[in-house]
Amino acid sequence: MSFGKQHAIRWPDITDRVRSKHLLAPIDRAAAAPKRGLAREWWRHGAVRLPGLLPDGLIDAYTAVRAKHSDPGGWRSPSPYVHVKELRDLCLHPPLMDALRELIGEPVGLHLNLTGWISTERDFHQDTYLNPAFVGTHYAAVWMALEDIHPDSGPFQFVPGSHRWPAIRRHLVFQYLTPDEQDHPAWPSRTQGWVASACREEIARRRAKIETYLPKRGDALVWHSNLIHRGSPPRVPGTTRRALIAHYSALSKRPDMPIRRKHANGEPYFYFEGPLE
Ligand SMILES: O=C(O)CCC(=O)C(=O)O
Ligand SMILES: [Fe+2]
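Procedures and definitions
Residues numbered from 1 in each chain as written. Chains lettered and ligands numbered in written order. Predicted model: local features only at pLDDT ≥ 70, side-chain atom pairs only at ≥ 80, totals over all residues. Helix = DSSP H or I, 4+ residues; strand = E, 2+ residues; numbered from the N terminus. Rg over C-alpha atoms; globule rule 2.2 N^0.38 Å. Buried ≥ 20, exposed ≤ 12 C-beta atoms within 10 Å, placed from the backbone. Core = buried A, V, L, I, M, F, W, Y, C linked by C-beta atoms within 7 Å. Contact = placed C-beta atoms within 7 Å. Near = placed C-beta within 6 Å. Nonpolar A, V, L, I, M, F, W, Y, C, P; charged D, E, K, R; others polar. Pairing = 2+ DSSP bridges. Arc of directions from axis to C-beta. Axes fitted to C-alpha atoms, helices over the stretch in contact; angles between N-to-C directions. Parallel < 35°, antiparallel > 145°, perpendicular 65-115°, else oblique. Left-handed = near helix turned anticlockwise from the far one by under 90°.

Attention shifts here to the overall build of the protein. A count of helical and extended segments in the protein gives 9 helices and 12 strands. Here the protein has a C-alpha radius of gyration of 18 Å; the compact-globule value for 277 residues is 19 Å, and the two agree. Based on the C-alpha atoms only, the size of the protein along its principal axes is roughly 50 × 40 × 35 Å. For the protein, the residues scored as buried account for 40% of the 277 residues in total.

If you want it as structure tokens, here you go:
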């Protein structure tokens with residue numbers, strides 16, 4: 001069942017340009033692109049490629065643990081890294097954390113993993129509206145390739161530069177949902193059909209390019225929370241896509257996630273109770 005689909009909802013109905021300073025990370029407040037480096041790529045494209053970032057040994061160690069979990073969709077729990085040291089070793093790898101701190105402008109912690117070895121098939125969206133509004137753009141996600149990614153597997157796709165468009169806002173999406181629907185934990189998936197249609201319409205109107213990410217094992221890509229992206233549908237259903245996805249927020253912007261821990265290497269993560277399942 002989808003929520004809100006009975007309305008004819010367009011991109012301008014659910015998006016807004018955020019200008020409030022405390023909702024924008026420092027790079028997002030800059031009127032012009034930084035001169036060089038990762039910051040420049042982030043400002044211009046909303047995505048930063050970090051080829052060959054992940055050491056083979058860390059990938060092998062995690063792959064051995066993950067392979068024992070039979071579900072191709074991975075662990076259902078959103079924070080399996082609390083239990084699995086090998087996940088923390090990859091997601092909190094210091095060169096990756098250095099890049100994230102540079103892009104967000106302050107220390108960040110890990111709080112979400114997607115561990116499926118098939119595409120999520122999550123249709124076009126931005127991530128910001130899935131978080132509490134006070135997080136703003138102090139947020140980033142990382143796509144890590146554990147194998148060379150096959151074009152038929154449903155690769156990650158994104159629209160470079162779309163992070164500078166008006167952003168989808170939760171309160172605007174919620175205009176079209178009843179109070180019960182707004183309280184339902186599945187509201188993101190039950191609205192994704194029309195949210196994705198609105199994104200497609202805007203991509204077409206701007207004649208924007210959709211880029212397909214086909215990384216080699218060990219490559220990583222960081223994307224901005226306002227970047228339009230998706231896990232594309234596999235061309236050949238069932239084709240494996242051995243990826244690890246991790247999401248991070250600035251430590252100072254998550255009063256809703258008060259328990260923090262440090263991994264053995266000193267890098268921070270948000271701690272949650274609950275079993276590994
Ligand atoms: O499956 C994918 O490649 C994208 C997943 C996604 O949208 C996310 O982690 O925010
Ligand atoms: Fe996403």
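Resuming the write-up.
The next thing to look at is the nonpolar core. With 58 residues, the main nonpolar core has Leu100, Ala140, Val142, Met144 and Val222 as its most contacted residues. Apart from residues lying up to four places away in sequence, Ala140 is in contact with Leu100, Leu103, Ile104, Val222, Trp223, His224, Ser225 and Tyr248.

The next subject is the site of ligand 1. Surveying the vicinity of ligand 1 reveals the residues Leu114, Ser119, Thr120, Arg122, Asp127, Ala141, Phe156, His229, Gly231 and Ile245. Class assignment of the residues belonging to the shell around ligand 1 gives a composition of 4 nonpolar, 4 polar and 2 charged.

One can find Gln6 in the segment before α1 (11-14). Residues Gln6 and Leu177 lie 171 residues apart in sequence; the distance between their C-alpha atoms is 10 Å.

In terms of burial, strand β10 (residues 243-250) is largely enclosed, as 7 of its 8 residues are buried. Strand direction decides the pairing type here: strand β3 (residues 108-114) and β10, joined by 6 bridges, are antiparallel. Residue pairing across strands places Val108 opposite Ala250, the latter belonging to β10. Pairing between strand β4 (residues 139-145) and β10: 7 bridges, direction antiparallel. Paired with Ala141 across the two strands is His247, which belongs to β10.

Within the span of helix α4 (residues 56-66), buried status applies to Ile59, Tyr62 and Arg66. End-on view of α4: buried residues confined to an arc of 75°, all on one side of the axis. Summarising the geometry of α4, the exposed residues directed more than 90 degrees from the buried face are Asp56, Gly57, Asp60 and Ala64. Elements in contact with the buried residues of α4: α5 (85-91).

Of all 5 residues that make up strand β8 (residues 220-224), 5 are buried, and the element is covered over most of its length. Here β8 shows two buried faces, one formed by Ala220, Val222 and His224 and the other by Leu221 and Trp223. Judged from the 4 bridges that link them, strand β2 (residues 47-50) and β8 form a sheet pairing that is antiparallel. Bridge pairing in β8 places Val48 opposite Val222. Relative to β8, β4 is paired through 5 bridges, and the arrangement is antiparallel. Looking across to β8, one finds that Ala141 is bridged to Trp223.

Another aspect to go through is the sheet that holds strand β9 (residues 229-231). The pairing of strands in a sheet comes from backbone hydrogen bonds and takes either a parallel or an antiparallel form. Taken together, the 3 strands give an open sheet; going across it, the order is β7-β5-β9, and neighbouring strands pair in antiparallel fashion. Where the open sheet ends on each side, the last strands, each with one partner, are β7 (211-212) and β9. Pairing geometry for strand β5 (residues 156-158) and β7, over 2 bridges, is antiparallel. Of the residues in β7, the one forming a bridge with Gln157 is Thr212.

A separate point is the packing of helix α3 (residues 37-45) against helix α6 (residues 94-104). Direction vectors running N to C along α3 and α6 enclose 60°, while the axes themselves pass 9 Å from each other. The angle between the axes of α3 and α6 places the two elements in the oblique class. In this structure, α3 meets α6 at a crossing whose hand is right-handed. Residues Leu38, Ala39 and Trp42 of α3 form the contact with α6, whose participating residues are Ala99, Glu102 and Leu103. Class assignment of the residues belonging to the contact of α3 with α6 gives a composition of 5 nonpolar, no polar and 1 charged.

Right, let's talk about the environment of Trp42 for a bit. Looking at where Trp42 falls in the secondary structure, it is placed in helix α3. Sequence-wise, Trp42 and His224 are 182 residues apart; in three dimensions their C-alpha atoms are separated by 7.6 Å. With near-sequence residues (within four places) excluded, Trp42 lies in contact with Ile27, Val48, Leu103 and His224.

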